[in-house]
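Summary of the model geometry
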Amino acid sequence: EPEVTQTPSHQVTQMGQEVILRCVPISNHLYFYWYRQILGQKVEFLVSFYNNEISEKSEIFDDQFSVERPDGSNFTLKIRSTKLEDSAMYFCATTQGIHNEQYFGPGTRLTVT
Amino acid sequence: QKEVEQNSGPLSVPEGAIASLNCTYSDRGSQSFFWYRQYSGKSPELIMSIYSNGDKEDGRFTAQLNKASQYVSLLIRDSQPSDSATYLCAVNRLNTGFQKLVFGTGTRLLVSP
């Protein structure tokens, strides 16, 4: 069964450093999302992406964040200058259409020290 | 008022019993409703989706939706210890182009052997 994959599974970085989190969507899916979950808290929407552009972003998704689909397969989330409060699980989710179910990848645990 | 509300639990049921999980949402424009299961340290796993009022059954799971009462529920029949997890209710509002899932905090279910 096709599934969403994410790399790395765990990333440790120092405050102020740039990180790139990668996602490979299910092959026929067209809509891509990033969510995050701070330990012990609920899953929060960050950004949605369709047709090579952002369709919606949350207040969390400020100028430090960016997304792109550099090669037609990977979907990446970049945090330019990480802060301690960026420590969280980051989940990529994809769906075939906006009326369809979103399937989540296994997540990347980001630890900012 | 929270957008999606769930009782955090834990909800404890014996093996073989029916577990009933509830969720209310505040946005009457919500159109799609989902139940995800999340094991500790793992990503959300889709269990059920429901789009219209009434019941939808899939194996041991039944989702119920009442848009007038802004209420979604999930019934798990013949509960197993492996069902012990946090169950996340999520809603998706599409009529104004919103494509994000809004999650509740989740209900922790414990099924005892």
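Here we summarise the structure given alongside this text. These numbers come from a predicted model, not from an experiment. Here, residues in each chain are numbered from 1, in the same order as that chain's written sequence. Chain labels run from A onward and ligand labels from 1 onward, assigned in the order the entries are written. This being a predicted model, a pLDDT of at least 70 is required before a residue's local features are given, and a value of 80 or more before pairs of side-chain atoms are given or counted; all residues contribute to the totals for chains, interfaces and linings. Neither water nor hydrogens contribute to the side-chain values; these are computed over all heavy atoms in the structure.

**Comments concerning the overall build of chain A**
- Along chain A, the regular secondary structure elements total zero helices and 11 strands.
- The helix and strand labels rest on DSSP assignments: H or I over at least four residues marks a helix, E over at least two residues marks a strand, and numbering proceeds from the N terminus. Along chain A, from the amino end to the carboxyl end, the secondary structure elements read β-β-β-β-β-β-β-β-β-β-β.
- Expressed along its principal axes, the backbone C-alpha trace of chain A runs to roughly 35 × 25 × 25 Å.
- Among the 113 residues that make up chain A, the fraction classed as buried is 46%.
- Nonlocal contacts in chain A, meaning residues at least 24 apart in sequence, comprise 54% of its contacts between residues at least 6 apart.
- Only the protein chains shown count as covering a residue, and every accessible area follows the Shrake-Rupley method with a 1.4 Å probe. Put simply, chain A shows about 5,800 Å² of open surface, and 45% of that area lies on carbon and sulfur atoms. The rule is simple: take the accessible area with a 1.4 Å probe, protein chains only, and divide by the maximum for that residue type; under 20% is buried, over 50% is exposed, in between is partly exposed. We call two residues in contact when some of their heavy atoms are within 4.5 Å.

**Observations regarding the interface of chain B and chain A**
- Each side of the interface is counted separately: chain B has 21 residues, and chain A has 22 residues.
- When two parts are brought into contact, each loses some accessible area as probed by a 1.4 Å sphere; the total of that loss over both is the buried area. Both sides together, the interface formed by chain B and chain A hides about 1,700 Å², and carbon and sulfur atoms give 55% of it.
- Salt bridge, as used here, is a side-chain nitrogen of Lys or Arg placed within 4 Å of a carboxyl oxygen of Asp or Glu. Our count for the chain B to chain A interface comes out at zero salt bridges.
- What qualifies as a polar contact is a pair of N or O atoms within 3.5 Å, subject to a donor-acceptor requirement within protein and to the restriction that residues adjacent in sequence count only when both atoms come from side chains. Counting across the chain B and chain A interface gives five residue pairs in polar contact (both at pLDDT 80 or more).
- No other element matches strand S4 (residues 32-38) of chain B, which puts three residues into the side of chain B that touches chain A.
- For the side of chain B that touches chain A, the per-class residue count stands at 10 nonpolar, nine polar and two charged. Residue type decides the class: Asp, Glu, Lys and Arg count as charged, Ala, Val, Leu, Ile, Met, Phe, Trp, Tyr, Cys and Pro as nonpolar, and the leftover types, Gly among them, as polar.

**Concerning the state of the cysteines**
- Throughout, disulfides are identified as pairs of cysteine sulfur atoms within 2.5 Å of each other. Scanning the entire structure with this criterion turns up two disulfides over all chains.
- At a sulfur-sulfur separation of 2.0 Å, the disulfide partner of cysteine 23 of chain A is cysteine 92 of chain A. For the disulfide bridge between cysteine 23 of chain A and cysteine 92 of chain A, the dihedral angle about the S-S bond is near -60°, and by the sign convention the bridge is left-handed. With a gap of 69 residues between them, cysteine 23 of chain A in strand S3 (residues 19-24) and cysteine 92 of chain A in strand S9 (residues 88-95) connect regions that are remote in the sequence.
- Residue pairing for cysteine 23 of chain B: its cysteine sulfur links by disulfide to cysteine 89 of chain B, the two sulfurs lying 2.1 Å apart. Every disulfide takes its handedness from the sign of the S-S torsion; for cysteine 23 of chain B and cysteine 89 of chain B that torsion is -70°, giving left-handed. In this pair, cysteine 23 of chain B sits in strand S3 (residues 19-25) while cysteine 89 of chain B sits in strand S9 (residues 85-92), placing the two residues 66 residues apart along the sequence. A single burial state applies to cysteine 23 of chain B and to cysteine 89 of chain B, both of which are buried.

**Remarks on the sheet that holds S3 of chain A**
Residues and elements named next belong to chain A.
- Strands are labelled as partners when DSSP assigns at least two bridges between them. Strand order in this open sheet of four strands is S1-S3-S8-S7, and the pairing throughout is antiparallel. Taken across any chain shown, the strands that pair with only one partner, and hence form the sheet edges, are strand S1 (5-7) and strand S7 (65-68). Averaged over all adjacent pairs, the angle separating strand axes in this sheet is 20°, with direction ignored.
- Bridge count between S7 and strand S8 (residues 75-79): four bridges; the pairing is antiparallel. Note on S8: the bridge partner recorded for phenylalanine 65 is isoleucine 79. Under this scheme, a helix contributes an axis fitted over its contacting stretch, all axes are lines through C-alpha atoms, and angles between N-to-C directions fall in the 0 to 180 degree range.

**Some words on the sheet that holds strand S7 (residues 61-66) of chain B**
All names here are of chain B.
- The sheet built from five strands is open, its strands ordered S1-S3-S8-S7-S6 with antiparallel pairing. Two strands lie at the open edges of the sheet, namely strand S1 (4-5) and strand S6 (54-58), each paired on one side alone.
- In the sheet, S1 pairs with S3 via two bridges, with the strands oriented antiparallel. Bridging from a neighbouring strand, valine 4 pairs with tyrosine 25 of S3.

**Description of the pairing of strand S5 (residues 45-50) of chain B**
Residue and element names in this part refer to chain B.
- Across five bridges, S4 lies against S5 in antiparallel orientation. Directly across from phenylalanine 33, in S5, lies its bridge partner isoleucine 50.
- Linking S4 to S5, which pair antiparallel, is a turn of six residues; within it glycine 41 sits at a positive phi near 80°.

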